[in-house]
Amino acid sequence: MALDLINDPLLIDQYIDHHKAVWPEIIDSIKESGIHDMQIFHVANRLFMIIEVNEDFNFEKKNKMDRQNPYVIKWEELISTYQKKLPIAEPNEKWILMEKIFDLKIQ
(Lines give C-alpha, C1' and ligand atoms only; values in the text may rest on other atoms or scores of the structure.)
Protein backbone atom coordinates (compact mmCIF):
# COMPACT_ATOMS: atom_id res chain seq x y z
CA MET A 1 0.00 0.00 0.00
CA ALA A 2 1.16 3.57 -0.61
CA LEU A 3 0.46 6.98 0.92
CA ASP A 4 2.17 10.36 0.92
CA LEU A 5 3.06 12.63 3.79
CA ILE A 6 2.84 16.39 3.81
CA ASN A 7 6.18 17.40 2.31
CA ASP A 8 7.64 19.13 5.36
CA PRO A 9 10.81 17.65 6.94
CA LEU A 10 9.74 18.59 10.48
CA LEU A 11 6.32 16.97 10.07
CA ILE A 12 7.87 13.88 8.49
CA ASP A 13 10.24 13.54 11.46
CA GLN A 14 7.30 13.87 13.85
CA TYR A 15 5.36 11.21 11.93
CA ILE A 16 8.31 8.84 12.17
CA ASP A 17 8.64 9.57 15.91
CA HIS A 18 4.98 8.65 16.44
CA HIS A 19 5.67 5.31 14.78
CA LYS A 20 8.56 4.63 17.14
CA ALA A 21 6.03 4.61 19.99
CA VAL A 22 2.74 3.34 18.58
CA TRP A 23 0.08 3.11 21.25
CA PRO A 24 -0.39 -0.46 22.57
CA GLU A 25 -4.12 -0.25 21.83
CA ILE A 26 -3.29 0.37 18.16
CA ILE A 27 -0.95 -2.64 18.07
CA ASP A 28 -3.70 -4.76 19.64
CA SER A 29 -6.24 -3.53 17.10
CA ILE A 30 -3.94 -4.35 14.19
CA LYS A 31 -3.36 -7.89 15.47
CA GLU A 32 -7.05 -8.46 16.30
CA SER A 33 -7.99 -7.57 12.72
CA GLY A 34 -5.99 -10.51 11.35
CA ILE A 35 -2.80 -8.69 10.41
CA HIS A 36 0.16 -10.68 11.70
CA ASP A 37 2.94 -8.56 10.20
CA MET A 38 3.09 -4.92 9.12
CA GLN A 39 6.03 -2.90 7.90
CA ILE A 40 6.07 0.74 6.80
CA PHE A 41 8.88 2.09 4.64
CA HIS A 42 9.59 5.75 3.95
CA VAL A 43 11.41 7.65 1.22
CA ALA A 44 11.15 11.45 0.97
CA ASN A 45 7.44 12.07 1.64
CA ARG A 46 6.19 8.70 0.33
CA LEU A 47 5.22 5.75 2.52
CA PHE A 48 4.91 2.09 1.56
CA MET A 49 3.16 -0.40 3.83
CA ILE A 50 3.46 -4.15 3.51
CA ILE A 51 1.07 -6.30 5.52
CA GLU A 52 0.79 -10.04 5.96
CA VAL A 53 -2.65 -11.23 6.97
CA ASN A 54 -4.39 -14.43 7.99
CA GLU A 55 -6.90 -16.14 5.70
CA ASP A 56 -9.88 -14.50 7.47
CA PHE A 57 -8.67 -10.91 7.02
CA ASN A 58 -10.60 -8.42 4.93
CA PHE A 59 -10.49 -4.64 4.78
CA GLU A 60 -14.25 -4.20 5.30
CA LYS A 61 -14.07 -6.06 8.63
CA LYS A 62 -10.98 -4.07 9.68
CA ASN A 63 -12.60 -0.76 8.75
CA LYS A 64 -15.72 -1.66 10.76
CA MET A 65 -13.58 -2.58 13.78
CA ASP A 66 -11.63 0.68 13.45
CA ARG A 67 -14.79 2.81 13.33
CA GLN A 68 -15.86 1.29 16.67
CA ASN A 69 -12.51 1.65 18.45
CA PRO A 70 -12.00 5.03 20.22
CA TYR A 71 -8.21 4.54 20.31
CA VAL A 72 -8.02 3.93 16.57
CA ILE A 73 -10.26 6.93 15.93
CA LYS A 74 -7.99 9.16 18.05
CA TRP A 75 -4.80 7.71 16.48
CA GLU A 76 -6.14 8.26 12.96
CA GLU A 77 -7.10 11.84 13.78
CA LEU A 78 -3.55 12.49 15.00
CA ILE A 79 -1.74 10.69 12.18
CA SER A 80 -3.98 12.18 9.48
CA THR A 81 -2.52 15.62 10.24
CA TYR A 82 0.75 14.41 8.68
CA GLN A 83 -0.68 12.49 5.74
CA LYS A 84 -1.46 13.62 2.22
CA LYS A 85 -3.66 11.46 0.02
CA LEU A 86 -2.39 10.29 -3.33
CA PRO A 87 -4.11 12.09 -6.22
CA ILE A 88 -5.92 8.87 -7.22
CA ALA A 89 -7.43 8.30 -3.74
CA GLU A 90 -11.18 8.21 -3.29
CA PRO A 91 -12.64 10.76 -0.83
CA ASN A 92 -12.69 8.33 2.12
CA GLU A 93 -9.47 6.50 1.18
CA LYS A 94 -5.94 7.07 2.46
CA TRP A 95 -3.69 4.09 1.85
CA ILE A 96 -3.85 2.85 -1.77
CA LEU A 97 -3.32 -0.79 -2.69
CA MET A 98 -0.37 -1.35 -4.98
CA GLU A 99 -0.11 -3.99 -7.67
CA LYS A 100 2.84 -6.38 -7.43
CA ILE A 101 4.57 -6.43 -10.81
CA PHE A 102 7.67 -8.46 -9.93
CA ASP A 103 8.54 -11.22 -7.47
CA LEU A 104 12.04 -12.72 -7.56
CA LYS A 105 10.79 -15.86 -5.79
CA ILE A 106 8.74 -16.89 -8.81
CA GLN A 107 11.25 -16.03 -11.53
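Everything that follows concerns the structure shown earlier in this document.
Rules of the game
Residues numbered from 1 in each chain as written. Predicted model: local features only at pLDDT ≥ 70, side-chain atom pairs only at ≥ 80, totals over all residues. Heavy atoms only, no water. Phe/Tyr/Trp six-rings, centres within 6.5 Å; stacked < 30°, edge-to-face > 60°. Helix = DSSP H or I, 4+ residues; strand = E, 2+ residues; numbered from the N terminus. Buried < 20%, exposed > 50% of the residue type's maximum accessible area, 1.4 Å probe, protein only. Pairing = 2+ DSSP bridges. Patch = residues over 30% accessible without salt bridge, like charges linked within 9 Å, V, L, I, M, F, W, Y side chains within 5 Å. Areas by Shrake-Rupley, 256 points an atom, 1.4 Å probe, with all protein chains shown as cover. Salt bridge = Lys/Arg side-chain N within 4 Å of Asp/Glu carboxyl O. Arc of directions from axis to C-beta. Contact = heavy atoms within 4.5 Å. Core = buried A, V, L, I, M, F, W, Y, C linked by side-chain atoms within 4.5 Å.

Novice: Is there a simple way to think about the packing of aromatic side chains in this case?
Specialist: Within a pair of aromatic rings, the relevant descriptors are the distance that separates the centres and the angle that separates the planes. Considering all chains together, one arrives at three aromatic pairs under this definition. Here W23 and W75 contribute two aromatic rings whose centre-to-centre distance is 5.1 Å and whose plane-to-plane angle is 75°, an arrangement assigned as edge-to-face. Taken together, the positions of W23 in the loop between α1 (9–19) and α2 (24–32) and W75 in helix α4 (residues 70–80) put the pair 52 residues apart, joining distant regions of the chain. Its relative accessible area of 25% is what places W23 among the partly exposed residues. Pairing F57 with F59 gives two aromatic rings, centres 5.0 Å apart and planes at 80°, and the pair type is edge-to-face.

Novice: Is there a simple way to think about the pairing of strand β3 (residues 46–53) in this case?
Specialist: Remember that side chains alternate between the two faces of the sheet whenever the strand is regular. As paired strands, strand β1 (residues 2–5) and β3 are joined by three bridges and run antiparallel to one another. Bridge pairing links L3 to L47 in β3. Here strand β2 (residues 35–43) pairs with β3 via eight bridges, running antiparallel. The residue bridging H42 from the neighbouring strand is L47, located in β3. Linkage of β2 to β3, two consecutive antiparallel strands, is achieved through a turn of two residues, within which A44 is found at a positive phi near 55°.

Novice: It is not clear to me how a nonpolar patch on the surface should be interpreted in this structure. Could you clarify?
Specialist: On the surface, a cluster of nonpolar side chains totalling about 410 Å² of accessible area is made up of I101, F102 and L104. One can find F102 in the segment after β4 (83–84).

Novice: Help me understand α4 in this model?
Specialist: Side chains three or four residues apart in an α-helix point the same way, a direct result of the helix having 3.6 residues per turn. Turning to α4, its buried residues are V72, W75 and I79. End-on view of α4: buried residues confined to an arc of 65°, all on one side of the axis. Those residues of α4 that are exposed and aimed more than 90 degrees away from the buried face are P70, K74 and E77. For α4, the elements touching its buried residues are α1, α2, α3 (59–67) and β4.

Novice: Which parts of the structure should I look at to understand the nonpolar core?
Specialist: Most often, soluble globular proteins have nonpolar side chains that are buried together. Core analysis: the largest hydrophobic core is formed by 16 residues, its most contacted members being L5, Y15, I26, L47 and W95. Secondary-structure elements contributing two or more residues to this core are β1, α1, α2, β3 and α4. For this core, the element with the most residues is α4, which contributes three residues. The residues touching L5, leaving out its near neighbours within four places in the chain, are I12, Y15, N45, L47, Y82, Q83 and K84.

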